[in-house]
Amino acid sequence: MIRHLVLFKLNDGVTRDEPRVRAGVRAFEELGGTIPELEHWECAWNITDRPIAYDYAINSVVADLDALKRYIEHPAHQAAAAQWREFATWVIADYPV
């Protein structure tokens with residue numbers, strides 16, 4: 001099993017309430033029921049207000065590296081990530097669980 005953890009930071013001046021951000025959140029929320037490789041899927045806004053905190057997180061699990069590759073290449077994932085590229089940056093960690 002591999003955990004795929006992604007932390008997003010909204011770009012300066014971008015807020016959660018913007019329509020494009022809300023659309024990006026919806027796109028990620030829908031992935032859990034769309035991509036069969038995802039064995040676990042959760043995503044949510046950060047609830048603390050610390051300067052080092054990221055704004056939004058995705059925590060998911062796939063079976064192996066092949067499943068991770070299929071997830072990353074899935075058209076729904078590509079479309080969701082493209083939306084976020086317009087208003088956020090992110091860091092990723094993939095590790096065995």
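Residues numbered from 1 in each chain as written. Predicted model: local features only at pLDDT ≥ 70, side-chain atom pairs only at ≥ 80, totals over all residues. Heavy atoms only, no water.

Undergrad: Help me understand the packing of helix 2 (residues 65-73) against helix 3 (residues 75-85) in this model?
TA: Describing two packed helices takes the angle between their axes plus the distance from one axis to the other. Two elements in contact, helix 2 and helix 3, have axes whose closest approach is 5 Å; the angle formed by their N-to-C orientations is 60 degrees. Accordingly, the angle class assigned to the pair helix 2 and helix 3 is oblique. Contacts between helix 2 and helix 3 pair Tyr71, Ile72 and Glu73 from the former with Pro75, His77 and Gln78 from the latter. Among the residues forming the contact of helix 2 with helix 3, the class breakdown is three nonpolar, two polar and one charged. (Axes fitted to C-alpha atoms, helices over the stretch in contact; angles between N-to-C directions. Helix = DSSP H or I, 4+ residues; strand = E, 2+ residues; numbered from the N terminus. Parallel < 35°, antiparallel > 145°, perpendicular 65-115°, else oblique. Contact = heavy atoms within 4.5 Å. Nonpolar A, V, L, I, M, F, W, Y, C, P; charged D, E, K, R; others polar.)

Undergrad: Would you explain the pattern of salt bridges in this entry?
TA: Oppositely charged side chains can pair when the atoms bearing their charge come close. The full count for this structure, using the stated rule, is three salt bridges. A salt bridge links Arg70 to Glu37; the nearest nitrogen and oxygen atoms lie 2.9 Å apart. You can see Arg70 sitting in helix 2 and its partner Glu37 sitting in the loop between helix 1 (19-31) and strand 2 (40-45), a full 33 residues away along the chain. According to the relative accessible area criterion, Arg70 is partly exposed, its value standing at 42%. Taking relative accessible area as the criterion, Glu37 reaches 16% and is therefore assigned buried. Glu73 serves as the salt-bridge partner of Lys69, at 2.7 Å between the closest nitrogen and oxygen. Of the two residues, Lys69 and Glu73 are both situated in helix 2; the distance of four residues between them amounts to about one turn of the helix. According to the relative accessible area criterion, Lys69 is partly exposed, its value standing at 48%. (Salt bridge = Lys/Arg side-chain N within 4 Å of Asp/Glu carboxyl O. Buried < 20%, exposed > 50% of the residue type's maximum accessible area, 1.4 Å probe, protein only.)

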